[in-house]
Amino acid sequence: MDTTIEEILARGLSPQDCSKALNDLGKRFSEQNDIDSAIACWEKSMECYGKPGFAQAQLMKVYNQKQRESARSGDSQGIEAYAQKIDALMQKSKDAIRYGY
């Protein structure tokens, strides 16, 4: 992978362009089955842009996947951690609808 999250952030892009670049990088990581790196990209994308969209949808999918994997392996801490991440994403969605951002 040629580009890193830090390189994208260092470019001084607008929040929307930064988010798009991070989403694209996350998509490439996901296609290579590097889910943890994809999650890092999409979480940073949400920090940059803050509005619901592609990153939030992808995070919801992978958080659910990670929570199922934790359940299968009996990792109760993982189950709880991903449940909290899912709840936080859902709250962001509610806030976006409620407050219009």
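This section reports on the structure supplied with the text.

Conventions and cut-offs
Residues numbered from 1 in each chain as written. Predicted model: local features only at pLDDT ≥ 70, side-chain atom pairs only at ≥ 80, totals over all residues. Heavy atoms only, no water. Helix = DSSP H or I, 4+ residues; strand = E, 2+ residues; numbered from the N terminus. Contact = heavy atoms within 4.5 Å. Expected span 1.5 Å × (residues − 1). Buried < 20%, exposed > 50% of the residue type's maximum accessible area, 1.4 Å probe, protein only. Polar contact = N/O pair within 3.5 Å; in protein donor to acceptor, adjacent residues only side chain to side chain. Core = buried A, V, L, I, M, F, W, Y, C linked by side-chain atoms within 4.5 Å.

### Section: the side chain of T3
Here T3 shows up in the segment before α1 (5–10). When residues no more than four places from it in sequence are discounted, the contact partners of T3 are I8, R11, L25 and R28.

### Here's the deal with helix α5 (residues 76–99)
Between the first and last C-alpha of α5 there are 34 Å, a value that for 24 residues agrees with the 34 Å anticipated at 1.5 Å per step. Taken as a whole, α5 has its buried residues at G78, Y82, A83, I86, L89, D95 and A96. In the core, the buried residues of α5 are packed alongside α3 (35–49) and α4 (54–73). A side-chain oxygen of the first residue of α5 lies 3.3 Å from the backbone nitrogen of Q77; this N-cap is D75.

### Concerning the nonpolar core
In terms of nonpolar packing, the biggest core is built from 20 residues, with I8, L25, I39, W42, L59, V62 and Y63 touching the most fellow members. Looking at this core, the elements with two or more residues in it are α1, α2 (15–31), α3, α4 and α5. At six residues, α3 tops the list of elements feeding residues into this core.

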